[in-house]
Amino acid sequence: MEWLEFNRWSQEVQKRLALQAARLHEVSQSLPKPTVTAAQAYHLQAMLRRQPSTNPWGHPNAER
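Keep in mind it's a predicted model, so treat the numbers as computed, not measured. (Residues numbered from 1 in each chain as written. Predicted model: local features only at pLDDT ≥ 70, side-chain atom pairs only at ≥ 80, totals over all residues. Heavy atoms only, no water.)

A. Here's a closer look at the overall build of the protein chain. If you tally the helices and strands in the protein chain, you get 2 helices and 0 strands. Here the protein chain holds 64 residues, and the buried ones make up 0% of them. (Helix = DSSP H or I, 4+ residues; strand = E, 2+ residues; numbered from the N terminus. Buried < 20%, exposed > 50% of the residue type's maximum accessible area, 1.4 Å probe, protein only.)

B. Up close: a nonpolar patch on the surface. A cluster of nonpolar residues, Phe6, Trp9 and Leu17, forms a patch on the protein surface that exposes about 340 Å² of accessible area. By the secondary structure assignment, leucine 17 is in helix α1 (residues 11-30). Given a relative accessible area of 38%, leucine 17 falls into the partly exposed group. (Patch = residues over 30% accessible without salt bridge, like charges linked within 9 Å, V, L, I, M, F, W, Y side chains within 5 Å. Areas by Shrake-Rupley, 256 points an atom, 1.4 Å probe, with all protein chains shown as cover. Salt bridge = Lys/Arg side-chain N within 4 Å of Asp/Glu carboxyl O.)

C. Inspection of the pattern of salt bridges at higher detail. Within this structure, the stated rule accounts for 1 salt bridge. Across the pair arginine 16 and glutamate 12 runs a salt bridge whose closest N-O atoms are separated by 2.9 Å. On the criterion of helical spacing, the pair formed by arginine 16 and glutamate 12 is a turn pair, its members being 4 residues apart in helix α1. On the basis of relative accessibility, which here comes to 58%, the residue arginine 16 falls in the exposed class.

D. Region of the structure containing helix α2 (residues 38-50). For α2, built from 13 residues, the straight-helix expectation of 18 Å at 1.5 Å per residue is met to within 8% by its first-to-last C-alpha distance of 19 Å. With respect to burial, α2 is a largely exposed element, only 0 of its 13 residues being buried. (Expected span 1.5 Å × (residues − 1).)

Next comes the structure, spelled out in C-alpha cells:
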C-alpha cells in the first residue's frame, strides 16, 4: 500500500476546523473546574486497594 501525501486542508475544512476549535474553547471556559483534595485522592486509592485486582487479558501477575 502506498502512503498518501497530505499537503494541506482545503479552505472550507480549515474554516470549519477553526470554528469548531473556537466553539470548544468557548464551551471549555464555562465548565466547572474539578477540584480534588488530597483526602479525596487518598480515599479513592484506599477504596481501589480493597477491590480485588482484575486481569481480563490473562497477563502474568508480574505484568499487572
